[in-house]
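# Understanding the architecture of this molecule
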Amino acid sequence: MSETEGAETFAFQAEINQLMSLIINAFYSNKDIFIRELISNSSDALDKIRYQSLTDKTVLDSTSELKIDIETDSEAKTWTIRDTGIGMTKADLVNNLGTIARSGTKDFISKMAEGKADISMIGQFGVGFYSAYLVADKVVVHTKHNDDEQYIWESEAGGHFTIRRDHGPSLGRGTKIVLFLKEDQLDYLEERKIKDIVKRHSQFISYPIHLLVKKEEEKEVDEPEEEKKEETSEESEKKEPKPKKKVKEIKHEWEQLNKNKPLWLRNPSEIDKKDYAEFYKGLTNDWEEHLSVKHFKVEGQLEFTAMLFVPKRAPFDLFESRKKPNNIKLYVRRVFIMDNCEDLIPEWLNFLKGLVDSEDLPLNISREVLQQNKILKVIRKNLIKKAIEMFVELKENKEDFKKFYESFSRNLKYGIHEDSENRAKLADLVQYYSTQSGEEQTTLKDYVTRMKPEQKGIYYITGESRKSVENSPFIEGLKKKGIEVLFMTEPIDEYAMQQLKEYDSKKFICITKGGVDLGETEEEKKAAEEETKSFENLCTIIKETLGDKVEKVVTSSRIVQSPACLVTGEHGWSAYMERIMKAQALRDNSMSSYMVSKKTLEINPKHPIVKELKKKADADKSDKTVKDLIWLLFETSLLTSGFALDEPASFANRIHRMIKLGLSIDDDEDVVDEDLPPLETSAASSDEGSKMEEVD
């Protein structure tokens with residue numbers, strides 16, 4: 001029967017064709033990855049047959065040994081990998097190797113085009129087999145599945161492939177892939193190179209990987225009989241024995257390349273940092289070593305082994321909603337099950353990488369059943385507990401914890417918001433800058449030790465940046481009293497503080513909200529009451545002028561250097577939270593109206609601007625200048641208190657008119673805004689100008 005007899009020709013699916021064209025023409029230096037990808041595929045095939053054998057032992061009748069063999073042929077210029085995995089039926093060959101593109105094919109091609117991926121990432125998109133064309137002109141696949149005959153798939157990547165019956169030596173079961181190497185890729189025939197690549201990428205594969213190696217041996221052999229006869233006739237009298245002739249003999253034998261068993265099954269005390277680093281890089285394809293690792297085994301009613309790694313830096317897409325749920329691979333008795341089990345670890349720990357190998361979960365578990373599985377819930381609880389233990393251990397090394405906190409502080413705060421059970425433990429880990437911390441961040445524990453005896457709680461302020469909150473009017477009174485204020489400058493802080501009501505029995509107090517008790521003495525309270533009575537008239541005029549922009553106007557002792565500030569209700573949004581919610585792309589305006597707090601304008605009775613304003617208001621309640629200055633005071637307070645201006649143009653016009661007044665420029669009647677009352681331009685205007693300079 002001729003080799004091509006009975007062969008069927010199929011066209012590659014368009015996207016596969018495009019992918020192969022991209023691979024063949026790629027100028028890509030690291031072509032080693034084809035070995036990693038083909039071994040990974042073989043390992044998957046072995047996983048599948050092992051999985052089947054747990055319920056039906058007869059599937060291993062054809063060959064019970066589960067292994068991967070690699071051999072090379074220098075003369076034929078071929079590189080061959082053979083596994084005793086599940087094999088492929090004819091339908092599998094047609095579908096898996098050509099006509100049906102994996103869902104990742106298109107993603108991979110587009111990411112390559114955008115420069116967001118390189119060929120080394122091919123396996124992540126489920127199309128690792130085609131990496132063979134990085135080094136080969138032609139690929140031939142021999143395969144035998146228990147449910148079908150033995151077939152050959154062949155392609156030179158010219159837009160089509162052929163499939164025919166294989167009448168050659170029987171494989172028993174499994175797949176053999178033969179790569180006909182390109183002329184410039186013949187270095188992949190070298191044993192040393194193959195060994196190095198397998199060690200780097202595939203040493204923790206669960207199945208033995210063998211390489212057919214050449215070994216030279218020296219043997220002593222007797223000389224041929226003819227020579228012996230000649231020697232005997234010529235030197236018959238000499239009886240000295242002649243030395244035997246040494247010849248080199250070439251032997252071929254199988255050498256196992258991955259003698260190490262899966263790292264997680266070894267005792268942690270026997271593993272050094274270098275082993276962990278290599279395993280981590282192989283597991284995650286990260287180019288850097290890990291920052292920390294937690295390797296543990298849980299025994300008792302439930303048994304599983306786990307390894308959790310903290311990367312050195314956060315990925316750019318850490319909080320990307322479309323990202324894979326987590327990076328924890330789930331194994332059951334060394335059989336890989338899935339790597340995107342949402343219930344294995346909470347979202348706030350999505351930066352952790354590693355694996356879990358369970359002895360108790362059923363192998364044929366489906367994603368739906370997994371969600372309801374009690375064992376999984378226990379595993380999840382243990383993973384969270386051990387992860388927090390690892391973070392606490394990291395604190396012992398100041399530099400390492402600093403790196404960790406810079407990258408993953410938002411995850412810890414997210415955990416405070418989401419995880420009620422571990423909220424107190426996570427609160428011990430978070431750190432903030434404060435009015436007394438300088439350039440180092442402080443923990444809540446350290447803050448509590450510095451609290452004054454009369455202090456009512458833990459004071460904090462939220463805002464967009466450290467600089468903005470450091471100069472906020474809200475902290476002036478507290479700074480004067482020597483009370484420490486924490487600076488919370490990330491949006492997640494607002495959400496975390498909604499859940500973290502107290503720490504070490506000390507309540508959290510947001511100083512941008514109403515009802516803040518500064519721990520005043522009786523004398524201070526008495527003086528404040530007198531000031532309130534004295535400024536009652538001004539407060540009424542300001543409230544009438546501003547209308548529903550503010551709920552009320554009161555005098556305040558929380559501000560020292562600023563003339564006024566705007567505070568929100570105790571149970572509503574803070575100014576920063578209001579800005580965060582307004583920035584939401586898909587926000588519901590009807591809902592936000594319930595949470596936008598009524599604002600209270602607090603004025604500083606000791607400030608010269610407020611004192612002068614009181615004098616003018618007492619002299620003439622309907623003075624237009626007073627009203628204009630009230631609006632200006634309100635709008636500047638909006639800005640310094642962290643709110644956004646509703647009408648920036650009106651505010652700008654007021655400022656422009658103040659500039660004109662300072663420069664003694666007469667208002668041009670043509671450009672006066674009808675909505676704004678004109679500033680006084682009477683004979684007393686020059687006196688007013690000098691007074692404004694004094695106040696400034």
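Residues numbered from 1 in each chain as written. Predicted model: local features only at pLDDT ≥ 70, side-chain atom pairs only at ≥ 80, totals over all residues. Heavy atoms only, no water.

Once that is clear, we can look at the overall build of the protein chain. Of regular secondary structure, the protein chain possesses 23 helices and 23 strands. In the protein chain, which comprises 696 residues, the share counted as buried stands at 46%. (Helix = DSSP H or I, 4+ residues; strand = E, 2+ residues; numbered from the N terminus. Buried < 20%, exposed > 50% of the residue type's maximum accessible area, 1.4 Å probe, protein only.)

Helix-helix packing is described using two parameters, namely the angle between the two axes and the distance between the axes. The interhelical angle for the contact between helix H2 (residues 33-53) and helix H5 (residues 191-202), taken along N-to-C directions, is 60 degrees, at an axis separation of 9 Å. Between H2 and H5, the angle falls in the class oblique. When you trace H2 past H5, the crossing you get is right-handed. On the side of H2, the interface is formed by Ile35, Arg36 and Ile39, while H5 contributes Ile197, Val198, His201 and Ser202. Tallied by class, residues from the contact of H2 with H5 come to four nonpolar, two polar and one charged. (Axes fitted to C-alpha atoms, helices over the stretch in contact; angles between N-to-C directions. Parallel < 35°, antiparallel > 145°, perpendicular 65-115°, else oblique. Left-handed = near helix turned anticlockwise from the far one by under 90°. Contact = heavy atoms within 4.5 Å. Nonpolar A, V, L, I, M, F, W, Y, C, P; charged D, E, K, R; others polar.)

As a further point, take the sheet that holds strand E23 (residues 599-603). Within the open sheet, the three strands sit side by side as E21-E23-E22. Their pairing is mixed. The open sheet has two edge strands, strand E21 (552-555) and strand E22 (564-568), and neither has a second partner. Strand after strand, the sheet turns through a mean of 30 degrees between neighbouring axes, direction not considered. Where E21 lies against E23, four bridges are found, and the strand directions are parallel. (Pairing = 2+ DSSP bridges.)

This part is about a nonpolar patch on the surface. Taken together, the side chains of Ile659, Leu663 and Ile665 define a hydrophobic patch exposed on the protein surface, amounting to about 280 Å² of accessible area. One can find isoleucine 665 in the loop between helix H22 (648-662) and helix H23 (685-695). Note on isoleucine 665: relative accessible area 43%, which makes it partly exposed. (Patch = residues over 30% accessible without salt bridge, like charges linked within 9 Å, V, L, I, M, F, W, Y side chains within 5 Å. Areas by Shrake-Rupley, 256 points an atom, 1.4 Å probe, with all protein chains shown as cover. Salt bridge = Lys/Arg side-chain N within 4 Å of Asp/Glu carboxyl O.)

Let us look at the nonpolar core. Membership of the largest hydrophobic core comes to 73 residues, with the highest contact counts inside it found for Leu352, Phe391 and Phe404. For this core, the leading source of residues is helix H9 (residues 374-394), giving nine residues. Those residues in contact with phenylalanine 391, other than ones at most four positions away along the chain, are Val310, Trp348, Leu349, Phe351, Leu352, Phe401, Phe404, Leu412 and Leu429. Core analysis: the second largest hydrophobic core is formed by 55 residues, Phe34, Leu38, Tyr130 and Trp153 among them. (Core = buried A, V, L, I, M, F, W, Y, C linked by side-chain atoms within 4.5 Å.)

So, on to the sheet that holds strand E2 (residues 68-73). Strand-to-strand pairing in sheets goes through backbone hydrogen bonds, with the strands running parallel or antiparallel. Pairing is mixed across the open sheet formed by nine strands, whose spatial order is E1-E6-E5-E4-E7-E3-E2-E8-E9. Only two strands of the sheet have a single neighbouring strand rather than two, namely strand E1 (8-11) and strand E9 (245-256). When strand polarity is set aside, the average angle formed by the axes of neighbouring strands in this sheet is 20 degrees. In the sheet, E2 pairs with strand E3 (residues 78-83) via six bridges, with the strands oriented antiparallel.

A complete count under the given rule lists 31 salt bridges for this structure. With a shortest N-O distance of 3.0 Å, lysine 77 and glutamate 183 are connected by a salt bridge. Of this pair, lysine 77 sits in the loop between E2 and E3 while glutamate 183 sits in the loop between strand E7 (174-181) and H5, and the two are 106 residues apart along the sequence. A salt bridge links aspartate 187 to lysine 193; its shortest N-O distance comes to 2.8 Å. In this structure aspartate 187 comes out as partly exposed when scored by relative accessible area, which is 28%.

All right, on to a positive patch on the surface then. Residues Lys273, Lys281, Lys312 and Lys403 make up a contiguous surface patch of positive charge. Checked against the element boundaries, lysine 403 lands in helix H10 (residues 398-418). What makes lysine 403 partly exposed here is its relative accessible area of 39%. (Lys, Arg positive; Asp, Glu negative; His and termini not counted. Charge placed at Lys NZ, Arg CZ, Asp CG, Glu CD.)

On inspection of all chains with the given rule, the structure shows 21 aromatic pairs. Between the aromatic rings of phenylalanine 351 and phenylalanine 408, the centroid separation amounts to 4.2 Å while the plane-to-plane angle is 15 degrees, which identifies the pairing as stacked. In this pair, phenylalanine 351 is assigned in the loop between strand E13 (335-338) and strand E14 (353-358) and phenylalanine 408 in helix H10, connecting sequence segments 57 residues apart. Of the residues examined, phenylalanine 408 reaches a relative accessible area of 0% and is grouped as buried. Between tyrosine 460 and phenylalanine 508, the aromatic rings sit 6.2 Å apart at their centres with planes inclined by 70 degrees, giving edge-to-face as the arrangement. Taken together, the residues span a long stretch of sequence, with tyrosine 460 in strand E17 (residues 458-462) and phenylalanine 508 in strand E20 (residues 506-510) at a distance of 48 residues. What makes phenylalanine 508 buried here is its relative accessible area of 13%. Through successive ring pairs, a cluster of aromatic residues spans Phe10, Phe12, Phe129, Tyr130, Trp153 and Phe161. When the ring centre of phenylalanine 401 is taken as origin, the NZ or CZ atom of lysine 395, which lies over that ring, is 5.8 Å away. (Phe/Tyr/Trp six-rings, centres within 6.5 Å; stacked < 30°, edge-to-face > 60°. Lys NZ or Arg CZ within 6 Å of the ring centre and 35° of its normal.)

Here we take up the packing of helix H17 (residues 536-546) against helix H21 (residues 624-640). Where H17 meets H21, the axes come as close as 10 Å, and the angle between the chain directions of the two elements is 80 degrees. Taken together, the axes of H17 and H21 are roughly perpendicular relative to one another. Residue-level inspection shows Ile541, Ile542, Thr545 and Leu546 of H17 in contact with H21, the latter providing Lys627, Ile630, Trp631 and Phe634. Residues that form the contact of H17 with H21 fall into these classes: six nonpolar, one polar and one charged.

What follows is about the pairing of E22. Side chains on a regular strand alternate between the two faces of the sheet. Burial analysis of E22 places five of its five residues in the buried class, the great majority of the element. Judged by which residues are buried, E22 turns out to be covered on both faces: Ala564, Leu566 and Thr568 on one side and Cys565 and Val567 on the other are all buried. Bridging between E22 and E23 involves five bridges; their strand directions are antiparallel. By the bridge assignment for E23, valine 567 is matched with threonine 600.

Here aspartate 286 shows up in the loop between helix H7 (273-284) and strand E10 (292-298). In this structure aspartate 286 is buried but unpaired, with lysine 353 as the nearest side chain of opposite charge at 6.2 Å. Polar contacts involving the side chain of aspartate 286 include one to the side chain of tyrosine 280, which spans 2.7 Å. At 3.1 Å, the side chain of aspartate 286 forms a polar contact with the backbone nitrogen of glutamate 288. When neighbours within four sequence positions are excluded, aspartate 286 is seen to be in contact with Tyr280, Lys281 and Pro311. (Polar contact = N/O pair within 3.5 Å; in protein donor to acceptor, adjacent residues only side chain to side chain.)

As a further point, take the confidence of the model for the protein chain. Overall, the prediction assigns the protein chain a mean pLDDT of 82, with 81% of residues at 70 or greater. Note on residues 679-696: pLDDT under 50 across the span, and 17 contacts to partners over four residues away in sequence or across chains. (pLDDT = per-residue confidence, 0-100.)

In this fold, histidine 290 is placed in the loop between H7 and E10. Histidine 290 sits in the buried class, given a relative accessible area of 5%. Every residue in contact with histidine 290, bar those within four places of it in the chain, is listed here: Lys273, Tyr276, Ala277, Tyr280, Phe309, Val310 and Lys312.

The next subject is helix H20 (residues 608-619). Here H20 is 12 residues long and its end C-alpha atoms lie 17 Å apart, about the 16 Å a rise of 1.5 Å per residue gives. Along H20, the residues that are buried comprise Val610, Leu613, Lys614, Lys616 and Ala617. (Expected span 1.5 Å × (residues − 1).)

The topology assignment puts lysine 182 in the loop between E7 and H5. Residue lysine 182 is classed as buried on the basis of its relative accessible area, which comes to 13%. A sequence separation of 48 residues divides lysine 182 from leucine 134, and the C-alpha atoms of the two residues are 8.9 Å apart. With residues up to four places along the chain from it excluded, the contact list for lysine 182 reads Ile24, Tyr133, Leu134, Val135, Ala136 and Asp137. At 3.4 Å, the side chain of lysine 182 forms a polar contact with the backbone oxygen of leucine 134.

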